[in-house]
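# Topology and contacts: notes
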Amino acid sequence: MNIKRTLSVLCAGVILSLGTQAMAADDYKLTLKLSHVFSPAEQLSKSMDAVAASILEKTDGAINIQTFPQAQLPAYKEGVEQVIRGAKFISVEDPSFIGDYVPDFKALYAPMLYRSYDEYVKLTQTKLVADMKANAEKQGIKILALDYIYGFRNLITKKVIKTPADLKGMKIRTPGSKTYIDTITAMGAIATPLPWGETLSAVQQGVVDGLEGSDFTNLGTKVYEGPTKNVANTHHILGTCGVYISPKVWKEIPAKYQTIIQDEFTKGATDMVALLKSQHGGVVEELESYGVKFNGVDEAAFRTALKPLYKEQAGMTPGIFKSVFTELDGMR
Ligand code: X3X
């Protein structure tokens, strides 16, 4: 076959395959189930719904993300396991729940690290965290976002708490990850892990003496209606959620849709942080109008109590805490 004819056959083949890909991309449809534990009244839920709607619209219906709040589907550790298994599933949980697969994320989500939302957001944009995300992808977790911040977590109890000694013997509900259990234990209480769905009844029935969560959680899930009317402003953990999908599922998605999905989740987090910053003052006022009382705490005493947690755990990158503190010091 002469050169000219060979070239024209090759070109026809390339055009055909591009055409098929384009057609495939145009015919492409994917439904993903997105699971989280937040109630529909909380901003996290609203933000996930808004991002899903925007992705559906911008992909002309090709990418349909069905959102499931309040742990209707597997959530927490079980939700992350769905991602690891390669399910068509998006898990929205705080980074402590991917810490079992990439321990360095337990350092990112360690207690009393951040003084503001912005410090955390800036840290997520560093090479240090980019390397952690690359490692997560190797472990089967593609991270689409890390900064769906839902507020600093405080102690929410029946009695006023000011020092670690005040927590002695008190059962405090936490989510089920090691980070929370270690944090509340080090702060002086008896960590009592429960799924969110069992938490308010446990408080009502006196199974626990209190819980810890953000002011947005307090308002959004009506914790304030129960007996735990005292909030100790410990700010012991910055509550934030990441958005996780299987790399196997991700790479099957046509690039043009990947770009839309990534852009919308990135924008959704930026919008949510701005919203919570503007809303926090009003949330505190509204909680106070329901009889919630806020108090300061002996921050130095809690920092001292939490210091042992900045020790590298199994699987962590040597010096990870030093790297995190260096980045944060550089911002201050
Ligand atoms: O993994 C996502 C959150 O960190 C889980 O925190 P949790 O179980 O205290 O739930 C927060 C509430 O706002 C849920 O409504």
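Residues numbered from 1 in each chain as written. Predicted model: local features only at pLDDT ≥ 70, side-chain atom pairs only at ≥ 80, totals over all residues. Heavy atoms only, no water.

Moving on to the overall build of the protein. Counting its regular elements, the protein contains 13 helices and nine strands. The dimensions of the protein, computed from C-alpha atoms along their principal axes, are 90 × 40 × 35 Å. Of all 332 residues assigned to the protein, the portion counted as buried reaches 51%. Taking contacts inside the protein between residues at least 6 apart in sequence as the whole, the part at least 24 apart equals 77%. Total accessible area on the protein stands at roughly 15,000 Å², and carbon and sulfur atoms take up 57% of it. (Helix = DSSP H or I, 4+ residues; strand = E, 2+ residues; numbered from the N terminus. Buried < 20%, exposed > 50% of the residue type's maximum accessible area, 1.4 Å probe, protein only. Contact = heavy atoms within 4.5 Å. Areas by Shrake-Rupley, 256 points an atom, 1.4 Å probe, with all protein chains shown as cover.)

Right, let's get into the confidence of the model for the protein. Looking at the protein, pLDDT values average 95 and 92% of them are 70 or higher. Between the elements of the protein, mean pLDDT differs from a low of 58, seen in helix α1 (residues 3–27), to a high of 99, seen in strand β3 (residues 89–93). (pLDDT = per-residue confidence, 0-100.)

This part is about helix α7 (residues 178–186). Along α7, the positions that sit buried rather than exposed are Thr 179, Tyr 180, Thr 183 and Ile 184. Along α7, the residues classed as buried sweep out an arc of 115° about the axis, all on the same side. Of the residues flanking the end of α7, it is Gly 188, one or two places downstream, whose phi is positive at about 120°. (Arc of directions from axis to C-beta.)

Applying the stated criterion to the full structure yields 13 salt bridges. In this structure, Lys 277 engages Asp 118 in a salt bridge whose closest nitrogen and oxygen atoms are separated by 2.6 Å. Of this pair, Lys 277 sits in helix α11 (residues 255–289) while Asp 118 is found in helix α5 (residues 117–124), placing the two residues 159 residues apart along the sequence. A salt bridge links Lys 178 to Asp 182; its shortest N-O distance comes to 2.4 Å. With Lys 178 and Asp 182 both in helix α7, this residue pair falls four residues apart, about one helical turn. For Lys 178, a relative accessible area of 44% translates into the label partly exposed. (Salt bridge = Lys/Arg side-chain N within 4 Å of Asp/Glu carboxyl O.)

This part takes up the nonpolar core. Note on soluble globular proteins: their nonpolar side chains tend to be buried together. Residues Ile 63, Tyr 148 and Phe 265 are the most contacted members of the largest nonpolar core, which totals 86 residues. Broken down by element, this core gets its largest block of residues, ten residues, from α11. Apart from residues lying up to four places away in sequence, Ile 63 is in contact with Tyr 28, Leu 30, Leu 32, Ile 55, Leu 56, Ile 253, Tyr 257 and Ile 261. The next biggest cluster of nonpolar side chains, apart from the first, holds 15 residues, and it includes Ala 189, Ala 191, Phe 302 and Leu 309. (Core = buried A, V, L, I, M, F, W, Y, C linked by side-chain atoms within 4.5 Å.)

Taken together, 17 residues lie near the ligand, and Glu 42, Tyr 76, Glu 93, Asp 94 and Tyr 150 sit nearest. Glu 42 places a side-chain nitrogen or oxygen 2.5 Å from an oxygen atom of the ligand. At 2.6 Å, a side-chain N or O of Tyr 150 approaches an oxygen atom of the ligand. Surface burial for the ligand is 99%, taken as the share of its 410 Å² of free accessible area covered by protein chains. (Near = heavy atom within 4 Å. Polar contact = N/O pair within 3.5 Å; in protein donor to acceptor, adjacent residues only side chain to side chain.)

What follows concerns the packing of aromatic side chains. A full pass over the atoms with the stated rule returns nine aromatic pairs. By way of ring pairs, the aromatic residues Tyr 310, Phe 321 and Phe 325 are connected into one cluster. (Phe/Tyr/Trp six-rings, centres within 6.5 Å; stacked < 30°, edge-to-face > 60°.)

Position of Gly 169 relative to the elements: it lies in the loop between β4 (142–157) and β5 (171–174). Through-space distance from the C-alpha of Gly 169 to that of Ala 269 is 38 Å; in sequence the pair is 100 residues apart. Sequence-distant contacts of Gly 169, that is, excluding residues within four places in its chain, are made with Gly 188, Ile 190 and Asp 209.

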